[in-house]
Amino acid sequence: MKLLFENETDFSVSGELMKLFERAASEALKYEGFSDNVEISLTIVSGEEIRKFNKKFRGIDAETDVLSFPLIDFEGELPDFSGHVVPLGDIIISIDRAKQQSIEYNHSLERELGFLTVHSMLHLMGYDHMTEEEERVMFSKQREILDIMGLKR
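Conventions adopted
- Residues numbered from 1 in each chain as written.
- Predicted model: local features only at pLDDT ≥ 70, side-chain atom pairs only at ≥ 80, totals over all residues.
- Heavy atoms only, no water.
- Pairing = 2+ DSSP bridges.
- Helix = DSSP H or I, 4+ residues; strand = E, 2+ residues; numbered from the N terminus.
- Axes fitted to C-alpha atoms, helices over the stretch in contact; angles between N-to-C directions.
- Contact = heavy atoms within 4.5 Å.
- Left-handed = near helix turned anticlockwise from the far one by under 90°.
- Nonpolar A, V, L, I, M, F, W, Y, C, P; charged D, E, K, R; others polar.
- Buried < 20%, exposed > 50% of the residue type's maximum accessible area, 1.4 Å probe, protein only.

A. Representation of the sheet that holds strand β1 (residues 2-7) in the model. Taken in spatial order, the 4 strands line up as β1-β2-β4-β3 in an open sheet, and their pairing is mixed. If you trace the sheet from one side to the other, it starts and ends with β1 and β3 (66-70), each paired once. Direction aside, the axes of adjacent strands within the sheet are offset by 15° on average. As defined by bridge partners, strand β2 (residues 38-45) adjoins strand β4 (residues 86-94) across 8 bridges and the pair is classed as parallel. Following the sheet pairing, valine 38 is matched in β4 by valine 86. Packing of helix α1 (residues 15-31) onto the sheet brings it into contact with β1, β2 and β4, and relative to β1 it is tilted by some 140°.

Written out as structure tokens, the structure reads:
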């Protein structure tokens, strides 16, 4: 797996945190039976920056915690990527919201960032939570992946 990482904030991302991002993405791929021959872009931004992205791409003028931009449409027939790195998509995480939510939910920042990464990876692999059934399936999967990682609530 190739993780393209960019930090557009003054938040210091340690080597341990980078390993967490990589492990969360890798565990999600493994859980879903996906090849690890993928490329994912993960960017850390401020609350204000993610608000701009949310407004531009979703028409919602509000801060959010994470945005996912899949590059593959899992509704139709998948292209044959054999032998090639598959560009799975982009993840944008608001460090401001992650910090806020870790306090709100009374768990570590690492757990929150792991959760946001796994959640977004599931979106990149075709899952959504627009209906109750989709939400049940997706949230069950993310809980199981986080449990495998030892990131329980």
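Read on, since the account is not over.
B. Geometry of the packing of α1 against helix α4 (residues 109-124). In the contact formed by α1 and α4, the axes pass within 9 Å of each other and the chain directions differ by 35°. The hand of the α1/α4 crossing is right-handed. Contact residues: α1 offers Leu17, Leu20, Phe21, Ala24, Ala25, Ala28 and Leu29, while α4 offers Glu110, Leu113, Gly114, Thr117, Val118 and Met121. Class assignment for the residues of the contact of α1 with α4 results in 10 nonpolar, 2 polar and 1 charged.

C. Fine view of the environment of serine 26. With respect to the secondary-structure elements, serine 26 resides in helix α1. On the basis of relative accessible area, serine 26 is assigned to the partly exposed category, the value being 34%. When the C-alpha positions of serine 26 and valine 38 are compared, they lie 9.8 Å apart, and in sequence the two are 12 residues distant.

Purely spatial values, then, with no claim about function.
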